[in-house]
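# Inside the fold
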Amino acid sequence: MNNQTPYNLKTKTKIFYSITETGLLMISFMFASQLLFFMTDFLSISAAAAGTMFLITRIWDAVNDPMMGVIADKNNSRFGKYRPFILIGGIPLVISLVLSFTDMGFSNVGNLIYMYIIYTLFGMAYTATFIPYTTLIGNLTTTPAERSSLSAMKGAFQALGVLLASIFTVPLIIKFGGAGEMNAKGFQTVAVLYAVIALVIFCITFFNVKERNIYTAENTYKINWKTFVNVILLNKNLVLVSIMYFLIYLRMFLNNSTVNYFFLYELKKPFLIPLFMSILAGVNIISAMFVPRLATKLGKKKFTMAGMFVCFLAYVGLYFARGAALPVFFTLTTIVALSGSIPYLLIWGLVADVADETEKNKGYRADGLLYSTVSFMNKMGAALAGAISGFVLTAYGYVPKAEQTARALAGIDILMFIIPAVCMGLVVVVMAFYKLD
């Protein structure tokens, strides 16, 4: 598909590239796990209104994400095609994080309008950072094994970001709040801290990772609806990978957005939140050591399907074990984390494979457009998770800062276990139709 000699990346380059994932995931985790809770319990915004906001603000991404992919593909600055956007998008991204967790003292309606504006800014900034950064994989190496290795390391640093955030977020919110419990001041201080850390990380990648000129200008595409239809809508394997990505992130963000409610109101053990989230994230770091090898040996498709089926069974087990002894509950949590880590660690290698197939069939590279499609599905998973969480909590009678009814707890269980189990089962079905392996 190109005449370049296969290029093996240095471990140092892989680390400097992948570390940005840690910064992105610290920010993403803060939004996914705390924003709904912050809005309902500290800004007095109803769960249904918050859920509607998560969904509506993502409509713009249907235009914004592909547009960003095209912009990145067409960019040819002296700093590289994709690398400059790590800072161009990263700076407004960290600003939006701080603003999202700042109580401006508005009325309930004013708070909701404010959050619509800031959350939209966050979505645009995340797109401007994430799409070019992820697309950069294709401009670092053409070797499939190296792509899988880089994707796995990227996934490991992603897990590191979630691990750090899951361990420290809630304790730091309480500590910086100064009152021995969560309050608005604590949320804002942690947001500022994560913003500074993330910005430093983005600079590390920007100044230490250089793109290689793998593809020539002749391999670009024309911007029109025909290209959009051929590259995205009629690209079967891309559609399947995108659906898989949507489902695995819907599952992840549902867990993130529900974890506070589950441990605070149902188990009444909020101190276990860091442990639960640490297991989900920490296992990914361990998995990164062997997932690429097993994927190469067994095939990405079969390996992913097997992992998702095990994850489905583990979620069913968690639902029935939620009132059991904690060792049983956390053993099943570990199985969920281990099996569920597989697609996270392989996803960007799959997209790179689709990009190669697209070039082979169409005669041009469209990496930014392809990665932007998958990124859009990521954000749709996050948006729908927030919307579903808000709607289900409202429908089942959730009342902030109060003893919850059995019906409200049932709604929390649906969000925490049942819907994630369904998502994992659907991934098995979707991957059965995937043809690149």
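Here we summarise the structure given alongside this text.

Each value, and the rule that gives it
Residues numbered from 1 in each chain as written. Predicted model: local features only at pLDDT ≥ 70, side-chain atom pairs only at ≥ 80, totals over all residues. Heavy atoms only, no water. Helix = DSSP H or I, 4+ residues; strand = E, 2+ residues; numbered from the N terminus. Rg over C-alpha atoms; globule rule 2.2 N^0.38 Å. Buried < 20%, exposed > 50% of the residue type's maximum accessible area, 1.4 Å probe, protein only. Contact = heavy atoms within 4.5 Å. Areas by Shrake-Rupley, 256 points an atom, 1.4 Å probe, with all protein chains shown as cover. Lys, Arg positive; Asp, Glu negative; His and termini not counted. Charge placed at Lys NZ, Arg CZ, Asp CG, Glu CD. Phe/Tyr/Trp six-rings, centres within 6.5 Å; stacked < 30°, edge-to-face > 60°.

Across its full length, the chain carries 16 helices and zero strands. Since a compact globule built from 437 residues should have a radius of gyration of about 22 Å, the 21 Å found for the chain is in line with a globular shape. Judged by the C-alpha coordinates and their principal axes, the chain covers about 65 × 45 × 40 Å. Counting only residues that meet the buried cut, the chain has 62% of its 437 residues in that class. Sequence separation of 24 or more characterises 84% of the internal contacts of the chain that already satisfy a separation of 6 or more. In the structure as shown, the chain presents an accessible area of about 16700 Å², 70% of it carried by carbon and sulfur atoms. One finds the centroid of the 33 positive side-chain charges in the chain at a distance of 5 Å from the centroid of its 19 negative side-chain charges.

For any two aromatic rings, the description comes down to two numbers: the centre-to-centre distance and the angle of the planes. This model, assessed by the stated rule, comprises 32 aromatic pairs. Aromatic pair Tyr17 and Tyr133: ring centres 4.6 Å apart, planes at 25°, arrangement stacked. Highlighted residues: Tyr17 in helix H1 (residues 11-42) and Tyr133 in helix H6 (residues 108-135), separated in sequence by 116 residues. Here Tyr133 falls in the buried class, since its relative accessible area comes to 0%.

Moving on: the environment of Glu21. Within the secondary structure layout, Glu21 lies in helix H1. Glu21 sits in the buried class, given a relative accessible area of 1%. Placed 188 residues apart in sequence, Glu21 and Val209 show a C-alpha to C-alpha distance of 14 Å. Non-local contacts of Glu21, meaning those with residues more than four positions away in its chain, are made with Phe130, Tyr133, Lys154, Phe157 and Gln158.

Moving on to unusual backbone geometry. Within the chain, Ser44 stands out as a residue other than glycine whose phi angle is a positive 55°. As for its placement among the helices and strands, Ser44 is situated in the loop between H1 and helix H2 (47-56). The phi dihedral of Lys401 falls on the positive side, at around 55°, and the residue is not glycine. As for its position among the elements, Lys401 is in the loop between helix H15 (367-395) and helix H16 (406-431).

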